[in-house]
Amino acid sequence: ILADKIDGTLARRLKAESKLGTVLDTIGDDAFLAASWIFFFLKGLYGPLLLVLILLPRLLVRLSALLLRLMTKKWHIEHLFGDRLGAVAHYFGILWILAQLPRPLEILYGLTVIMYFGALLSILKRIRIAQHRRARHRQRSPGGGHTRRTRADRARCAGRSAGIRILSACPH
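Calculation rules
Here, residues in each chain are numbered from 1, in the same order as that chain's written sequence. The predicted nature of this model means local features are confined to residues of pLDDT at least 70 and side-chain atom pairs, given and counted, to a pLDDT of 80 or more, with totals for whole chains, interfaces and linings taken over all residues. Side-chain numbers here rest on the full set of heavy atoms in the structure, without hydrogens or water. Secondary structure elements are taken from DSSP: a helix is a run of H or I of four residues or more, a strand is a run of E of two residues or more, and numbering for both begins at the N terminus. Here, expected helix span is obtained from the residue count minus one, scaled by 1.5 Å. One fitted axis covers the seven residues ending at a residue, a second covers the seven starting there, and the bend at that residue is the angle between these axes. For every residue, the accessible area obtained with a 1.4 Å probe (protein chains only) is divided by the maximum for its type, and the residue is called buried under 20%, exposed over 50%, and partly exposed between those limits. Note on ring pairs: Phe, Tyr and Trp rings are taken, using the six-membered ring of Trp, and paired if centres are within 6.5 Å. Classes follow the plane angle, with under 30 degrees stacked, over 60 edge-to-face and the rest tilted. In plain words, nonpolar cores are sets of buried Ala, Val, Leu, Ile, Met, Phe, Trp, Tyr and Cys residues tied together by side-chain atoms within 4.5 Å. Pairs of residues are marked as contacts when any of their non-hydrogen atoms sit within 4.5 Å. A pairing counts as a salt bridge when a side-chain nitrogen of Lys or Arg comes within 4 Å of a carboxyl oxygen of Asp or Glu. By definition, no residue in a patch forms a salt bridge, and every one has over 30% relative accessible area; like charges are joined within 9 Å, nonpolar side chains (Val, Leu, Ile, Met, Phe, Trp, Tyr) within 5 Å. Each accessible area value is a Shrake-Rupley result obtained with a 1.4 Å probe; residue values ignore everything except the protein chains displayed when judging cover.

Caption draft 1: Structural context of helix 3 (residues 48-72). Spanning 25 residues, helix 3 covers 36 Å between terminal C-alpha atoms, matching the ideal 36 Å at 1.5 Å per step. At Leu56, helix 3 shows its largest bend, some 30°, and a proline, Pro57, comes one to four positions later. Within helix 3, the full set of buried residues consists of Leu50, Leu51, Ile54, Pro57, Arg58, Val61, Ser64, Ala65, Leu68 and Thr72. Among the residues trailing helix 3, Lys73 stands out with phi positive, at a value near 65°.

Caption draft 2: Broad picture of the packing of aromatic side chains. In this structure the tally under the stated criterion is five aromatic pairs. Each member of the aromatic cluster is reached from another via a ring pair, and the members are Trp37, Phe39, Phe40 and Tyr46.

Caption draft 3: Geometry of the nonpolar core. By size, the foremost hydrophobic cluster in this structure holds 15 residues, and its most contacted members are Trp37, Phe40, Tyr46, Ile54, Ile97, Leu108 and Met115. Those elements that place two or more of their residues in this core are helix 2 (19-42), helix 3, helix 4 (81-98) and helix 5 (104-140). No other element matches helix 4, which puts five residues into this core. If near-sequence neighbours (up to four positions away) are discounted, Leu108 is found in contact with Trp37, Tyr46, Leu50, Gly93 and Ile97.

Caption draft 4: The pattern of salt bridges, seen in detail. According to the stated counting rule, one finds three salt bridges in the structure shown. A salt bridge links Asp30 to Arg62; the nearest nitrogen and oxygen atoms lie 2.6 Å apart. With Asp30 in helix 2 and Arg62 in helix 3, this pair connects stretches of sequence that are 32 residues apart. On the accessibility criterion, Arg62 (23% relative accessible area) is partly exposed. A salt bridge links Asp83 to Arg126; the nearest nitrogen and oxygen atoms lie 3.1 Å apart. Of the two residues, Asp83 sits in helix 4 while Arg126 sits in helix 5, which places them 43 residues apart along the sequence. When sorted by exposure, Asp83 lands in the same class as Arg126, which is buried. Within this structure, Asp30, Arg58 and Arg62 form a network of salt bridges that share partners.

Caption draft 5: A look at a nonpolar patch on the surface. Side chains of Val52, Leu56, Leu59, Leu60, Leu63, Leu66, Leu67, Leu70, Met71 and Trp75 sit close together on the surface and give an oily, nonpolar patch of about 910 Å² of accessible area. With respect to the element layout, Trp75 can be found in the loop between helix 3 and helix 4.

Caption draft 6: Structural context of helix 2. For helix 2, built from 24 residues, the straight-helix expectation of 34 Å at 1.5 Å per residue is met to within 8% by its first-to-last C-alpha distance of 34 Å. Restricting attention to buried positions, one finds in helix 2 the residues Asp25, Thr26, Asp29, Asp30, Leu33, Ser36, Trp37 and Phe40. With its phi angle positive at about 85°, Gly44 sits one or two positions after the end of helix 2.

Caption draft 7: Structural view of the environment of Ile54. Secondary-structure assignment places Ile54 in helix 3. With relative accessibility at 0%, the residue Ile54 sits in the buried group. Residues Ile54 and Ala89, 35 residues apart in the sequence, show an inter-C-alpha distance of 9.9 Å. Not counting chain neighbours up to four residues away, the residues in contact with Ile54 comprise Trp37, Tyr46, His90, Thr112 and Met115.

Caption draft 8: Highlighting unusual backbone geometry. Look at Gln100: it is not a glycine, yet its phi comes out positive at around 55°. As for its placement among the helices and strands, Gln100 is situated in the loop between helix 4 and helix 5. Here Gln100 falls in the exposed class, since its relative accessible area comes to 71%. Even without being a glycine, Arg103 presents a positive backbone phi close to 55°. Following the sequence through the fold, Arg103 ends up in the loop between helix 4 and helix 5. Taking the relative accessible area as the measure of exposure, Arg103 reaches 57% and is therefore exposed.

Shown next, in the form of structure tokens:
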């Protein structure tokens, strides 16, 4: 989290912000978290079920971002509250293990609940963003949305413009 704050502040001050930088920052965060959890698993601190439970919410959030991209044709790179909540839970768990505090498994299971809650918030927010973008797109397009013209509609429009060049689109 501290590294995110530092690199974000530096990028803004140096006017070096970019979408690529934001994407790379997210990929770096996810790679660090996954590597940390896999390292703890390989050391035998917990079993494979907990590893899957810990990594799955982050994967679901990334899949929701990809789905939003496919639905709206735009990347939504902003870090949402749910993303941050999940990240805080991840880092708290990592620090708990590194500090060798008591009852790490109970804490990790509790933190996975927070991770899933954060993932749910992020996914729901991305759904709302997609709906909002689609509604805005419908308002901008003529007729309030995309309407598929049938062959009969096209023939009717062609018949109305017989020999006359029409600049506006036929309403059918």
